Amino acid sequence: MADESLPPCRNLADVLRRRAHESPARRAYTFLADGEADERHLSYGELDARARAIAVRLRSAAALGERALLLFPSGLEFIEAFFGCLYAGVIAVPVFPPRPHERFFERDLHRLGQIIRDAAPRVLLTTHSIQAMAGALAPHLDELDAVAWLPVEEGSIEDAGAWSDAQTPGDAPALLQYTSGSTSEPKGVVVTHANLLANEEMVRQAMRFDTTSCMVSWLPLFHDMGLIGGILQPCYTGFPCVFMSPEMFLVRPVRWLQALSRYQGTAGGAPNFAYDLCVRKTTPDERRGLDLSPWTVAYNGAEPIRAETLERFTETFAPYGFRREALFPVYGLAEATLFVAGGEYLRPPVIEDFAAEPLRRGAVLPHQSGPGEVRRLVGCPLPTGPSRVAIVDPETLRRAATDAIGEIWLSGPHVAGGYWQQPRASDETFRAQVVAEEGTPHLRTGDVGFIRAGALYITGRMKDLIITEGRNHYPHDIELSVEQSHDACRPGCCAAFAVEGETEQLVIVQELRAGTPEVLLPEIDAVIRRVVSEEHQMRAWAVVLIEPGTIPKTSSGKIQRNACRRQFSEGTLKLYAPGQSRR
């Protein structure tokens with residue numbers, strides 16, 4: 001039984017202190033440095049001591065409520081630093097360090113500069129290896145001049161004894177979770193300690209986690225899905241977490257599956273593309289010996305969930321113990337801390353066929369057998385509890401009819417209070433009112449969808465909709481058709497968007513696989529145009545075939561359609577063959 005003399009848990013720092021008090025030697029985190037056998041561990045007691053020591057150093061450089069930038073590769077040091085911020089009453093700002101690879105360096109620097117200017121951190125927590133990059137970063141980021149660098153390797157564990165409780169209240173900010181920037185400049189979502197606790201409890205209940213669970217993750221630690229779902233949930237509920245870096249997974253996807261098998265992982269998740277990658281980039285020899293039968297929560301979110309992906313993954317890995325019932329589609333966003341809705345524990349995912357043409361006109365009509373274009377959608381069952389989801393007409397701000405598509409609005413204790421230093425954007429996004437239901441503020445997600453039989457279906461994003469002749473076309477549907485149209489098209493590397501003309505005109509930008517012969521370009525162009533015409537009744541005004549690895553994406557892997565549109569307009573897309581026509 002827990003020691004009742006300990007204070008109630010006001011925040012995750014209190015949760016960790018309780019874990020360290022009750023089970024100091026219990027292993028909390030295992031990091032697979034090479035994605036396989038190179039194990040590094042942290043117990044609850046060790047993490048508590050490291051967090052207290054870091055907090056003491058932080059307080060000497062930053063006051064309560066000031067910001068600390070966390071610039072780390074994946075590893076145990078990030079977790080120590082994050083909890084160090086919580087222990088110090090300093091607001092954590094997780095950011096991925098710029099990658100030295102030429103293709104990404106400029107983009108990463110630009111995003112880092114935006115975040116530093118916005119958050120105005122007093123301290124930069126990092127490692128010696130990242131600090132060694134300071135000379136390369138400084139000429140590009142004047143903002144770093146006013147920031148104190150604190151490598152976590154410095155200092156002594158003996159500093160932990162000088163720590164005192166910051167008495168941080170639940171309504172104080174815990175972290176600034178910067179949005180991905182897929183449709184706009186990144187904004188810092190102010191996530192409070194109370195938001196974190198509320199959302200972690202929603203996750204625990206929805207996924208039936210308990211102390212016998214085991215998380216296996218490769219997701220980026222600076223991203224809400226990787227941090228709040230993959231790292232903080234295990235500490236909140238009290239079960240072990242095994243993780244590796246995203247690079248180790250992307251280079252060899254079977255490492256994630258092998259770790260799930262080796263550690264008898266019961267939970268692990270990723271965006272939809274990762275499940276496809278596991279199917280395409282693992283061989284029968286690599287799969288041999290896998291035991292995925294303990295895996296009961298395979299959550300899938302952060303991008304459109306494809307029914308075809310769920311089916312392929314199940315078919316491929318059923319021989320190794322994976323069950324269809326483990327598939328757990330989820331919907332969430334940083335502005336709601338993380339989790340909003342998700343699958344039902346150990347029940348097959350909810351997949352339903354809808355008539356495609358009514359959906360384009362904003363109406364929901366299940367597909368009946370017979371002719372007619374079908375759109376298969378994956379539903380996310382709504383959780384019980386204080387969280388509320390409303391479908392609202394974005395024009396009238398009234399609740400949409402039950403058989404109509406509308407914008408998804410949210411309310412509840414997990415919804416953040418706003419964006420950092422952006423009161424106008426915060427009012428517009430976080431304090432919306434449903435007409436005739438004034439009183440409860442709602443978060444406008446910018447996503448559109450509908451609720452049917454207790455499940456939430458996402459159909460797209462308002463800002464990305466392509467509207468022609470009164471019909472709504474969702475970019476990710478067009479992109480999927482294009483990606484599947486020809487073997488030379490790289491999956492997950494297509495952008496469909498509209499540019500202004502006499503009417504909205506459709507542009508397709510598609511990466512090609514390395515080594516695709518240039519002689520095939522006219523054929524690929526023609527196939528893409530035909531598929532778009534046949535499957536979506538649209539004419540592609542321009543088809544642009546570009547080099548592999550060059551389409552703009554966010555740091556979490558989402559296609560940046562706005563950035564792609566801008567590069568198209570500026571003529572800066574890296575054409576696969578410089579002489580190809582764009583029209």
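To be clear, the structure that these remarks concern was listed above.
The structure reproduced in this document is the subject of the present report. (Residues numbered from 1 in each chain as written. Predicted model: local features only at pLDDT ≥ 70, side-chain atom pairs only at ≥ 80, totals over all residues. Heavy atoms only, no water.)

## So, the sheet that holds strand β18 (residues 406–411)
With antiparallel pairing, the six strands of this open sheet are ordered in space as β15-β16-β20-β19-β18-β17. In this open sheet, the two edge strands, each paired with only one partner strand, are β15 (350–355) and β17 (388–392). Taken pair by pair, the neighbouring strands of this sheet meet at an average axis angle of 50 degrees, ignoring direction. Of the strands in this sheet, β15 and β16 (374–381) are in contact with helix α13 (residues 307–317), which crosses β16 at around 75 degrees. (Pairing = 2+ DSSP bridges. Helix = DSSP H or I, 4+ residues; strand = E, 2+ residues; numbered from the N terminus. Axes fitted to C-alpha atoms, helices over the stretch in contact; angles between N-to-C directions. Contact = heavy atoms within 4.5 Å.)

## Points about the pattern of salt bridges
Tallying each qualifying case throughout the model produces 34 salt bridges. Between R17 and D165 there is a salt bridge; the shortest N-O distance is 3.4 Å. A residue pair is termed long-range when its members are at least 10 positions apart, and R17 in helix α1 (residues 12–22) and D165 in the loop between β6 (148–151) and β7 (173–178) qualify at 148 residues. With its nearest N and O atoms 2.8 Å apart, the salt bridge here joins R376 to E311. Here R376, found in strand β16, pairs with E311, found in helix α13; they are 65 residues apart in sequence, far enough to count as distant. Residue classification places E311 among the partly exposed residues on the basis of a relative accessible area of 31%. Within the structure, one salt-bridge network assembled from shared partners comprises R10, D14, R17 and D165. (Salt bridge = Lys/Arg side-chain N within 4 Å of Asp/Glu carboxyl O. Buried < 20%, exposed > 50% of the residue type's maximum accessible area, 1.4 Å probe, protein only.)

## Comments concerning the pairing of strand β3 (residues 67–71)
Burial analysis of β3 places five of its five residues in the buried class, which makes it a mostly covered element. Side-chain alternation along β3 places R67, L69 and L71 on one buried face and A68 and L70 on a second face that is also buried. Remark: the β3/helix α3 (residues 76–88)/strand β4 (residues 91–95) crossover connection has right-handed handedness. The sheet contact formed by β3 and strand β5 (residues 123–126) spans three bridges and is parallel. Within the sheet, the bridge partner assigned to L70 lies in β5 and is L125. (Right-handed = clockwise from strand over helix to strand, strands pointing away.)

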